Amino acid sequence: MTGRVLIWAGGLTAVASVVGLIVYFAVQGFHWGDTVGVIGAVVGIAGLLLAVYGMILVRRDQPAGGERSVHIGQQATHEGMVSTGDGAINIQMKGTASGHGNVYQAGRDQHIDQRTIERQTVLPDDVVWPVAEVEAPPGLVNVPGHQHVFVGRGDELEELDTALRAPGGVVVAAVHGLGGVGKSTLAARYAAVHAVQAATEERAGPDETVFHPVWWITADTAEAVQAGLAGLAAALQPELKTALDVEALAERGLAWLGCHEGWLVVLDNVNDPAHIAPLMDRTMRGRVLVTSRLGQGWHRFGAKVLRLDVLTEEQAIDLLTQIAAPNGTNGAVLDGSAELVAELGFLPLAVEQAAAYLHQNQLSPRQYLQLLAASPTAVYDQTAEGSDARTIARIWRITLDRLTTGTPLAGDLLRILAWYAPEAVPRALLDGLNELKGWEESAAPPLLQAALGKLAAYNMITLTPDTVTVHRLVQAVARTPDDHGEPGGADPHRQPEAITASLQTANQLMYRTVPADLADIADPVGWSGGQQLMPHMDALGAHLLTVAYGPWTSLLLTS
């Protein structure tokens, strides 16, 4: 603005001086040394100089070709690459304007108004170019190694491959299931197989699926997703790793995914679909594989949803043998394998950890079963040295922490259901919970249905319109008090008092359901619902053998 004022003022002064001198000399005639003429000439020259100076100021404030300004408006935050226009350097600038503050970069000057720059990094011009022009280096793979011990799952891998080979822009597959069922292992196996093909440039034919790059992101929090995207950007351009902060790198990684195709990103252990929404909203191509304990909410991303179940008995024994006896062994050493994997519900993580413990302590499966019967708390919470630090108890504690926030009845229901058989329980058995003393408000029908829905959403139970089923190992852990504690404190969902109270409640619910006439109980075929309830009466009776809770206990045990 100042430069333009000087141009106009100087220019007008010079023009007025010239016009005045012409009129004056026309009337008076030209004479050397004329005082008025000298003054007019000096004024005209001064006006010209003033105009020239104004032009210099304007020229200095104008951005050169290829430059751009970065403006931070009211209460805003911005950071990005800003070219200085001379082709020599790039500026990484971050700032937050307050009130009507402004920050902008133009020409070679940085202008600041009511604002303090937090950080500014100077980058060489040759390391910053549009992400669309950045190519992934050959063999760019980031996949964890826990897929090396792998059994079965052939049908699941094929189903996953079919889902991710579907045509379209961005294709999403979401694998969900109970914690410890092997979701991450399945995803890692799939990613590793196709990553190896991409790295070695193997091609098995036109039907083969090859991705490049393959990138694994632990996505249990929004911050973890950001860190994973930042890691991708740093792997694509290592020279930016120390120059940019996590936010800027994550933004660059996200932008790269948005303008390239042929890649596979695995988002492992997603707790909340909202954590990955920013990534999904900006990727229009490529393939995304999600793993989560949560079975709901993936429709918003158009995902193909796959529920992962436990291993078969044969697969579970194979897994146990590979880890417990990696060099081969005789049948006597692994005596009781079938019984052990059945007791563990064929759950992969539980089988893997039991096998590692057998190998470390040189025990047989039968000896492990004896330890499990004598000290279930210690066995559920321990791992072999060097193995995965996650235990079934710790994994499910994290899930229940999330579930019971806002829905405390979910934890109560799981403890109550833990005393029945690991088979389908009629939902009608729970309908009278709010009629029991102390449950009138906390177990009202809407709250009961909300709790069941949350437990099912996180795969802690299997829900049908008429029944609810709990995995046998979930039941075993839920009814085992955590009385020894951990570094992080005892499990709040396995307090002895709460577990004892849940047994009494399970007994009361069953007592309300059985016929008043003992003859009807003795003939479950003629008793409506009797055949479905008998396994649960047997299981409950077995747990009540050493405990007395009133006349209904005697009734159940006698029947």
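Above: the structure in question.
Every chain is numbered independently, its residues counted from 1 as its sequence is written. Side-chain atom pairs in this predicted model are given and counted only at pLDDT of 80 or more, local residue features only at pLDDT of at least 70, and totals for whole chains, interfaces and linings cover all residues. With hydrogens and water set aside, each side-chain value is computed from the structure's full complement of heavy atoms.

**Comments concerning the side chain of Thr404**
Phase 1 of the analysis: Mapping Thr404 onto the fold places it in helix α13 (residues 392–404).
Phase 2 of the analysis: Accessible area is worked out with a 1.4 Å probe on protein chains only. A residue is then buried under 20% of its type maximum, exposed over 50%, and partly exposed in between. A relative accessible area of 19% places Thr404 in the buried class.
Phase 3 of the analysis: In the analysis that follows, any N or O atom pair within 3.5 Å is treated as a polar contact, provided that within protein one partner can donate a hydrogen and the other can accept it, and provided that, for residues neighboring in sequence, both atoms belong to side chains. A polar contact is formed between the side chain of Thr404 and the backbone oxygen of Leu400, at a distance of 2.7 Å.
Phase 4 of the analysis: We call two residues in contact whenever any of their non-hydrogen atoms come within 4.5 Å of each other. In this structure, Thr404 is in contact with Gly411 and His493, ignoring residues within four places of it in sequence. Per the convention used, a helix needs a DSSP run of H or I reaching at least four residues, while a strand needs a run of E reaching at least two, with both numbered from the N terminus.

**Some remarks on the pattern of salt bridges**
Side chains that differ in charge, positive against negative, can pair when their charged atoms come close.
Phase 1 of the analysis: We define a salt bridge as a side-chain nitrogen of Lys or Arg found within 4 Å of a carboxyl oxygen belonging to Asp or Glu. This model, assessed by the stated rule, comprises nine salt bridges.
Phase 2 of the analysis: Ionic pairing is found between Arg366 and Glu339, a salt bridge with its closest N-O pair at 3.0 Å. Of this pair, Arg366 sits in helix α11 (residues 365–374) while Glu339 sits in helix α9 (residues 337–343), placing them 27 residues apart in sequence.
Phase 3 of the analysis: Arg366 gets classed as partly exposed once you look at its relative accessible area, which sits at 34%.
Phase 4 of the analysis: Among the residues examined, Glu339 registers a relative accessible area of 38% and is labelled partly exposed.
Phase 5 of the analysis: In this structure, the salt-bridge partner of Asp412 is Arg415, at a minimum N-O distance of 2.6 Å. Of the two residues, Asp412 and Arg415 are both situated in helix α14 (residues 409–417); the distance of three residues between them amounts to about one turn of the helix.
Phase 6 of the analysis: Overall, Arg415 belongs to the buried group, its relative accessible area being 10%.
Phase 7 of the analysis: Taken together, the shared-partner salt bridges in this structure form one network comprising Asp335, Glu339 and Arg366.

**Section: the side chain of Arg287**
Phase 1 of the analysis: Here Arg287 is to be found in strand β10 (residues 286–292).
Phase 2 of the analysis: We score Asp and Glu as negative and Lys and Arg as positive, and we do not count His or the chain ends. With no salt bridge to any partner, buried Arg287 finds its closest opposite charge in Glu261, at an N-O distance of 7.7 Å.
Phase 3 of the analysis: A polar atom in the side chain of Arg287 sits 2.6 Å from the backbone oxygen of Leu164.
Phase 4 of the analysis: Discounting residues that sit within four places of it in the chain, Arg287 has contacts with Leu164, Ala166, Gly168, Gly169, Val171, Phe211, Trp263, Leu264 and Val265.

**As for the environment of Val36**
Phase 1 of the analysis: In this structure, Val36 sits in helix α2 (residues 35–61).
Phase 2 of the analysis: Look at Val36 and you get partly exposed, because its relative accessible area is 44%.
Phase 3 of the analysis: For the pair Val36 and Phe25, spaced eleven residues apart in the sequence, the C-alpha separation amounts to 9.8 Å.
Phase 4 of the analysis: Not counting chain neighbours up to four residues away, the residues in contact with Val36 comprise Leu21 and Tyr24.

**Description of the environment of Arg394**
Phase 1 of the analysis: Within the secondary structure, Arg394 is located in helix α13.
Phase 2 of the analysis: Residue classification places Arg394 among the partly exposed residues on the basis of a relative accessible area of 31%.
Phase 3 of the analysis: Taking the C-alpha atoms as reference, Arg394 lies 9.0 Å from Tyr380; in sequence the two are 14 residues apart.

**Structural notes on the sheet that holds strand β8 (residues 214–218)**
Phase 1 of the analysis: Strand pairing is assigned whenever DSSP detects at least two bridges linking the two strands. Strand order in this open sheet of six strands is β6-β8-β9-β10-β7-β11, and the pairing throughout is parallel. With one partner strand each, in any of the chains shown, β6 (141–142) and β11 (304–307) form the two edges of the open sheet.
Phase 2 of the analysis: Inspection of the sheet shows β6 paired to β8 by two bridges, in the parallel sense. What sits directly across from Val141, in β8, is Val214.

**What to know about a nonpolar patch on the surface**
Phase 1 of the analysis: On the surface, Val15, Val19, Val23 and Val27 cluster together into a nonpolar patch covering about 370 Å² of accessible area.
Phase 2 of the analysis: By the element assignment, Val15 lies in helix α1 (residues 2–28). Candidate patch residues must exceed 30% relative accessible area and have no salt bridge, after which like charges are joined if within 9 Å and Val, Leu, Ile, Met, Phe, Trp or Tyr side chains if within 5 Å. The Shrake-Rupley method, run with a 1.4 Å probe sphere, supplies the accessible areas, and residue values consider only the shown protein chains as cover.

**Focus on helix α5 (residues 222–236)**
Phase 1 of the analysis: A helix is expected to reach a length of 1.5 Å times the quantity of its residues less one. Counted at 1.5 Å a residue, the expected span for α5 with its 15 residues is 21 Å, and the 22 Å between its end C-alpha atoms agrees.
Phase 2 of the analysis: For α5, the secondary structure elements touched by its buried residues are β8, α6 (246–258) and α7 (277–282).

**With respect to unusual backbone geometry**
Phase 1 of the analysis: For the bond from His212 to Pro213, the omega torsion is -5 degrees, close enough to zero to count as cis.
Phase 2 of the analysis: Inspection of the secondary structure puts Pro213 in the loop between α4 (183–200) and β8.
Phase 3 of the analysis: A positive phi angle, close to 65 degrees, is found at Arg153, a residue other than glycine.
Phase 4 of the analysis: Position of Arg153 among the secondary structure elements: in the loop between β6 and α3 (154–164).
Phase 5 of the analysis: By relative accessible area, which is 4% here, Arg153 ends up buried.

**A word on the sheet that holds strand β13 (residues 462–463)**
Phase 1 of the analysis: Taken in spatial order, the three strands line up as β12-β14-β13 in an open sheet, and their pairing is antiparallel. The outermost strands of the open sheet, each flanked by one partner alone, are β12 (425–426) and β13.
Phase 2 of the analysis: Pairing geometry for β13 and strand β14 (residues 467–469), over two bridges, is antiparallel. In the sheet register, Thr462 faces β14, and the bridge partner there is Thr469.

**Brief notes about the packing of α14 against helix α15 (residues 445–457)**
Phase 1 of the analysis: To get an axis, fit a line to the C-alpha atoms, keeping to the stretch in contact for a helix; angles then go from 0 to 180 degrees between the N-to-C directions. As a packed pair, α14 and α15 sit with axes 9 Å apart at the nearest point and diverge in direction by 75 degrees. In terms of orientation, α14 and α15 fall into the roughly perpendicular class. For the pair α14 and α15, contact is made by Leu409, Ala410, Leu413 and Leu414 and by Leu447, Leu448, Ala451, Leu452 and Leu455, respectively.
Phase 2 of the analysis: Polarity classes work like this: nonpolar for Ala, Val, Leu, Ile, Met, Phe, Trp, Tyr, Cys and Pro, charged for Asp, Glu, Lys and Arg, and polar for all others, with Gly in that last group. Here the residues of the contact of α14 with α15 sort into nine nonpolar, no polar and no charged. Here is the rule for angles: anything less than 35 degrees is roughly parallel, anything more than 145 is roughly antiparallel, 65 through 115 is roughly perpendicular, and the remaining ranges are oblique.

**Brief notes about the nonpolar core**
Phase 1 of the analysis: Residues belong to a common nonpolar core when they are buried Ala, Val, Leu, Ile, Met, Phe, Trp, Tyr or Cys residues joined through side-chain atoms within 4.5 Å. Counting residues in hydrophobic clusters, the biggest one holds 132 residues, and the most contacted among them are Leu267, Ile276, Leu289, Trp396 and Tyr420.
Phase 2 of the analysis: It is helix α10 (residues 348–361) that provides the largest number of residues to this core, a total of eight residues.
Phase 3 of the analysis: Ignoring anything within four residues of it in the chain, the contact list for Leu267 reads Ile217, Ala219, Ile276, Leu279, Val288, Leu289, Val290 and Thr291.

**Structural notes on the environment of Ala378**
Phase 1 of the analysis: Examined against the element boundaries, Ala378 turns out to sit in helix α12 (residues 376–380).
Phase 2 of the analysis: For Ala378 and Asp482, which are 104 residues apart along the polypeptide, the C-alpha to C-alpha distance reads 8.7 Å.

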